[in-house]
Amino acid sequence: MTATASARSASGGLGESIGRWRGRNSWTLGLVGLFVLLLIVTRLLAPGYGAAQIEALAISVLPVALAAVAQAIVVMSGGIDLSIGPMMAFTSVTAAVLMKGQSDAFAVAVVVGVLLMGVALGFINGALVVLTRVPDIVVTLAMSFVWAGAALLVINTPGGGAADWLKAVIDGTIVSDWIPRALVVLLLVVGLVWIPILRSPLGVSLYAIGSDRLAAFRSGVGVGPTKVAAYVVTGFFAAAGGLALTMSTGIGTPVPGPYTLQSVAAIVLGGVSLAGGRGGLTGPIIAVFILALVRTDLTFIGVNPNLSTAVQGAILVGVVMFGAVTAYRRKRR
Amino acid sequence: MSDARVAGTRSQWLTVTGWRRLLRDQPLIPLTALLAFLILLLELTKPGIVSPNWVAVTLRAAVPLAILAACQTLTMLTGGIDLSVGIVASMAAYVAATQSTGQGDAMAIVIALLAAALVGLANGVGVGVFRVHPLIMTLGISLVVLGLLNVYQLAMVRAGVVLPEVIVTIGAGTTLGVLPNNLLVFIPLALLIIVGLRRSGFGRLLFAVGDNPIAARLSGVRAWQVLIVLYVLSAVLAGLAGFLVAGLTKTASLGLVQQSVLPSVAAAVIGGTSIMGGRGGFGGTIVGALILTVLTTLLTVLQMPEAVRQILFGGIIVAVAAAYARVTGES
């Protein structure tokens, strides 16, 4: 109550509006600070860490970053999608199998086709959630097995191929040695799709149903269609993540990687509330880089690589616990 | 008077509402019918397959799944889920098998169950005290346990993997040639769970916390205590199931029970336990586990690949959960 009142009274003056922006984005700013700090630590641990390593980092996190973006959108709308990892595997193997030994022009059609396939998968997920009225978690958990099974039907063992131009898109740097192409691709794809949605009525509805479904419904938001739309956008980005997997490895692997879990860890660290209605896409993307750098640093300081799975799990749990505690304190205040 | 009641019952049977009420109040009846239908289908697909021996094999395979599904049933009653059962079960079997040469069989089993309880404690503290979503908590903890087990595996590479004799006898053996020994563990356990859920205070607390957490809190229930005990119990049950699977397959490895996690959720959902909490029971879950076991046999007989089995299981969960959501009117 007091927070709203003070925000309203502070609605004049440039300095105050900057302060307000900072207040609203404090979590993201903190993440940027943490990222810079980690970069410095990494540089101290390994003095050779430079442009080439940053480039490799950007390529390696591209699939996870797209998975985190996909998860963030559906979670902000009040759902959760546990089938992102298997959807990525399904789209990745489909792309790899279709592209193998085909011309460059055909590969363009495959890219478009696979992105549309992601849209279709997301539509199926969303429609099932809305029509069956079963909790999102159950539907997407069950669908994760459906998509994983479908990926195995496409191809049984890792295989397929990727067009050379597609691999070149994320390889190397652009303008300066310090700007990896993979990062530019990530920001372009996310920006071109998400910013128009955010500026449209759909963006408002997405946050509205995530924040309070009943209030959104009473204000005339079509809750069902909006929810399906959220899953569709999530499916699109999951397919983009699947393509990124094929691009970076050159093949398709039918067994899903740990992307669902990593995406959840990244969005929670990125300031997206699992309860919905709160957060953005900048935080999760920075969070993905932070989590990757932590893993790099752990190898630099000589932690047993077998423990890295355990550390990943501990980070996930720790981050969610921390998020839960801060959310609880925020509510009490 | 009695005529009127009979007429009333009949009309109830013939209407859609009657069927809905049947599925909602007595899910065991349609579930058993479905089980019978699947067995009939199996017999028609491969005449002569259904025999006393087949029943024994099916029961023996269904028991570990039913115990894992008990973990899901209990946690789902509070609105939770335990996805760490796969790794906890594998861990218990692996720890027992690696400790048995050094510590003796009984001690090895105790150590394994203590390790399982410890994992359950971590889950319970995360869910109960820190309010982490059970799904995230148990998935994260499974990653932690898997990583630690990888390190443990490297450290124990010299100590052979020898399953305690009693685990093999109970897990794989049969009495009089037909009665699986693992029923000796399962029947008392199942009775304890079914009666405990209905009659014991702890059972009622599970329903209370799951049905209406706020009302439960206002009535003086300390939900965090209930949840910690619940997740420890779930992990110990998973450990027992791990022993039975290891005994049945006579192996112990880190991926031993991992593929039973989704079927265990499926069995509980099919059995009529709601993931939203507050509704369900173990009786339906047992039938659910039997249905899935018979279905697996049917798919094997039809020579379906593993991928199709996964797709079908996923589809069945959505379909059954949707049917329950329809009849109970929850959203």
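Moving on, we come to the overall build of chain B. Each helix and strand counted, chain B has 15 helices and 2 strands in total. Taking 20 Å as the expected radius of gyration for a compact globule of 331 residues, we find that chain B reaches 21 Å, a close match to that expectation. Along the first, second and third principal axes, the C-alpha atoms of chain B reach 75 × 60 × 35 Å. Taking all 331 residues of chain B together, the buried fraction comes to 50%. For chain B, restricting intrachain contacts to residue pairs at least 6 apart in sequence, the fraction spanning at least 24 positions comes to 78%.

The next thing to look at is the layout of surface pockets. By volume, the second largest pocket amounts to about 1200 Å³. Every element with two or more residues in the lining of the second largest pocket is listed here: α7 (136-154), α13 (259-269) and α15 (308-332) of chain A together with α7 (134-155), α13 (261-270) and α15 (306-328) of chain B. Residue contributions to the lining of the second largest pocket peak at 5 residues, all from α7 of chain A. Taken together, the residues of the lining of the second largest pocket break down into 22 nonpolar, 9 polar and 2 charged.

Relative to the helices and strands, serine 274 of chain B resides in the loop between α13 and α14 (282-301). At a separation of 3.0 Å, a polar atom in the side chain of serine 274 of chain B contacts the main-chain amide nitrogen of methionine 276 of chain B.

Attention now moves to a nonpolar patch on the surface. Residue and element names in this part refer to chain A. Together, Leu34, Leu37, Val41, Leu45, Phe300 and Ile301 line one region of the surface with nonpolar side chains, adding up to about 510 Å² of accessible area. The element that contributes the greatest number of residues to the nonpolar patch is helix α3 (residues 26-45), accounting for 4 residues. Owing to a relative accessible area of 53%, isoleucine 301 belongs among the exposed residues under this scheme.

All names here are of chain B. It is at 8 Å that the axes of helix α4 (residues 52-77) and α13 come closest, and there the two elements cross at 65 degrees. The chirality of how α4 crosses α13 is right-handed. On α13, the residues that touch Leu65, Leu68, Ala69, Gln72, Thr73 and Met76 of α4 are Val261, Pro263, Ser264, Val265, Ala267, Ala268 and Val269. For the contact of α4 with α13, a count of residues per class yields 10 nonpolar, 3 polar and no charged.

Before going further, it helps to spend a moment on empty space enclosed by the protein. One pass over the structure, following the stated rule, counts 2 cavities of 30 Å³ or more. Forming the boundary of the second largest cavity are Leu261, Gln262, Ala265, Leu291, Arg295, Gln312, Ile315 and Leu316 of chain A together with Leu143 of chain B. Elements represented by at least two residues in the lining of the second largest cavity include exactly α13, α14 (282-300) and α15 of chain A. Counted by class, the lining of the second largest cavity contains 6 nonpolar, 2 polar and 1 charged residues.

On to the environment of glycine 101 of chain A. Topologically, glycine 101 of chain A is positioned in the loop between α5 (84-99) and α6 (104-132). With 59 residues separating them in the primary sequence, glycine 101 of chain A and glycine 160 of chain A have C-alpha atoms 8.6 Å apart.

Attention shifts here to the confidence of the model for chain B. Residue and element names in this part refer to chain B. Residues at a pLDDT of 70 or more form 94% of chain B, whose mean pLDDT is 86. Within the model, pLDDT remains below 50 along residues 1-8, and this stretch shows 0 contacts once partners closer than five positions in the same chain are excluded. Reported confidences for the modelled complex are a pTM of 0.84 and an ipTM of 0.82.

Counting residues in each nonpolar core, the largest one holds 198 residues, and the members touching the most others are Val190 and Phe237 of chain A together with Phe186 of chain B. If sequence neighbours within four positions are ignored, phenylalanine 237 of chain A has contacts with Leu66, Val69, Ala70, Ile73, Val189, Val190 and Val193 of chain A.

Another point: helix α4 (residues 51-76) of chain A. All names here are of chain A. The axis of α4 is deflected most strongly, by about 45 degrees, at leucine 62, and proline proline 63 appears within four residues downstream. By the criterion of burial, α4 is predominantly enclosed, with 22 of the 26 residues buried. Directly after α4, the chain includes glycine 78, whose backbone phi takes a positive value near 90 degrees.

On to the pattern of salt bridges. By the definition in use, this model includes 3 salt bridges over all chains. Between aspartate 164 of chain A and lysine 167 of chain A there is a salt bridge, and its shortest N-O distance comes to 4.0 Å. A residue pair is termed a helical-turn pair when its members lie 3 or 4 positions apart in one helix, as aspartate 164 of chain A and lysine 167 of chain A do in helix α8 (residues 164-169) at 3 residues. Look at aspartate 164 of chain A and you get exposed, because its relative accessible area is 59%. A relative accessible area of 32% means that lysine 167 of chain A is categorised as partly exposed. Here arginine 309 of chain B makes a salt bridge to glutamate 306 of chain B, at a shortest N to O gap of 3.2 Å. With arginine 309 of chain B and glutamate 306 of chain B both in helix α15, this residue pair falls 3 residues apart, about one helical turn.

Residue and element names in this part refer to chain A. Checked against the element boundaries, alanine 95 lands in helix α5. Take alanine 95: its relative accessible area is 0%, and that puts it in the buried class. The sequence separation of alanine 95 and methionine 247 amounts to 152 residues, and the corresponding C-alpha distance is 9.6 Å. In this view, alanine 95 contacts Val110, Val114, Gly161, Leu243 and Thr246; residues no more than four positions away in its chain are not counted.

Turning our attention to the confidence of the model for chain A. For chain A, per-residue confidence averages 87 on the pLDDT scale, and residues scoring 70 or more make up 94% of the total. A low-confidence stretch, residues 1-11 of chain A (pLDDT under 50), is modelled with 4 contacts involving residues beyond four sequence positions or located in other chains.

What the rule picks out here adds up to 6 aromatic pairs over all chains. Relative to phenylalanine 289 of chain A, the ring of phenylalanine 35 of chain A has its centre 6.0 Å away and its plane inclined at 75 degrees; by these criteria the two rings are edge-to-face. Here phenylalanine 35 of chain A is found in helix α3, whereas its partner phenylalanine 289 of chain A is found in helix α14, with 254 residues between them in sequence. Their ring planes at 90 degrees and their centres at 6.4 Å tell us that tyrosine 49 of chain A and phenylalanine 300 of chain A sit as a pair that is edge-to-face. Pair noted here: tyrosine 49 of chain A is in the loop between α3 and α4 and phenylalanine 300 of chain A is in helix α14, with a separation of 251 residues, a long-range link. Residue class for phenylalanine 300 of chain A comes out partly exposed when judged on its relative accessible area of 39%. Here the guanidinium or amino end of arginine 309 of chain B rests over the ring plane of phenylalanine 313 of chain B, the centre of that ring lying 5.0 Å away.

The subject of this paragraph is unusual backbone geometry. All names here are of chain B. Although it is not a glycine, arginine 131 sits at a positive phi angle of roughly 60 degrees. As for its position among the elements, arginine 131 is in the loop between α6 (105-129) and α7. Given the relative accessible area of 58%, arginine 131 is considered exposed. The phi torsion at lysine 250 lies on the positive side, around 55 degrees, for a residue other than glycine. Inspection of the secondary structure assignment puts lysine 250 in the loop between α12 (223-249) and α13.

Our next topic: the interface of chain B and chain A. Listed per partner, the contact involves 39 residues of chain B and 38 residues of chain A. Our count for the chain B to chain A interface comes out at 0 salt bridges. There are 2 residue pairs in polar contact (both at pLDDT 80 or more) connecting chain B and chain A. Here the element with the most residues in the side of chain B that touches chain A is α7 of chain B; it accounts for 14 residues.

About the thresholds
- The residue count restarts for each chain, going from 1 along the sequence in the order it is written.
- Chains and ligands are labelled sequentially in the order written, the chains with letters from A and the ligands with numbers from 1.
- Only residues with pLDDT of at least 70 are given local features in this predicted model, and only at 80 or more are side-chain atom pairs given and counted; all residues enter the totals for whole chains, interfaces and linings.
- The side-chain figures draw on all heavy atoms in the structure; neither hydrogens nor water molecules are used.
- Helical segments are the DSSP runs of H or I of at least four residues, strand segments are the runs of E of at least two, and each set is numbered from the N terminus.
- Here the globule rule reads 2.2 Å times residues to the power 0.38, and the radius of gyration is calculated from C-alpha atoms.
- Only protein chains enter the area calculation, which uses a 1.4 Å probe; residues under 20% of their type maximum are buried, those over 50% are exposed, and those in between are partly exposed.
- By the convention used here, residues are in contact when the closest approach between their heavy atoms is within 4.5 Å.
- Lining residues are those with an atom within 4 Å of a point, where the points come from a 1 Å grid over the protein atoms alone and group into cavities, where a 1.4 Å probe fits but cannot get out, or pockets, open sets with protein on both sides within 12 Å along at least five of seven lines.
- Grid points are joined across faces, edges and corners, and a volume is the space filled by probe spheres set on the points.
- Note on residue categories: nonpolar means Ala, Val, Leu, Ile, Met, Phe, Trp, Tyr, Cys or Pro, charged means Asp, Glu, Lys or Arg, and polar means any other residue, Gly included.
- Think of a polar contact as two N or O atoms within 3.5 Å of one another; within protein, one of them needs to be a possible hydrogen donor and the other a possible acceptor, and neighboring residues in sequence only count if both atoms come from side chains.
- Patch rule: a residue counts if its relative accessible area is over 30% and it has no salt bridge; like charges are joined within 9 Å, and nonpolar side chains (Val, Leu, Ile, Met, Phe, Trp, Tyr) within 5 Å.
- Using a 1.4 Å probe, accessible areas were evaluated by the Shrake-Rupley method; residue-level cover was limited to the displayed protein chains.
- Just to be clear on terms, a salt bridge is a Lys or Arg side-chain nitrogen sitting within 4 Å of an Asp or Glu carboxyl oxygen.
- To obtain each axis, a line is fitted to C-alpha atoms, and for helices this fit is confined to the stretch in contact; angles are then taken between N-to-C directions over 0 to 180 degrees.
- Working rule for handedness: look at the near helix, and if it is turned counterclockwise from the far one by less than a right angle, call the crossing left-handed; if clockwise, right-handed.
- Note on scores: pLDDT gives the predictor's confidence for each residue, bounded by 0 and 100.
- Put simply, a nonpolar core is a bunch of buried Ala, Val, Leu, Ile, Met, Phe, Trp, Tyr and Cys residues held in one set by side-chain atoms that sit within 4.5 Å of each other.
- Across the chain, bend at a residue is computed as the angle between axes fitted to the seven residues ending at that point and the seven starting from it.
- Two aromatic rings, drawn from Phe, Tyr or Trp (for Trp, its six-membered ring), form a pair once their centres lie within 6.5 Å of each other, and the interplanar angle then sorts them: stacked below 30 degrees, edge-to-face above 60, tilted otherwise.
- Either the NZ atom of lysine or the CZ atom of arginine qualifies as a charge over a ring when it sits within 6 Å of the ring centre and within 35 degrees of the ring normal.

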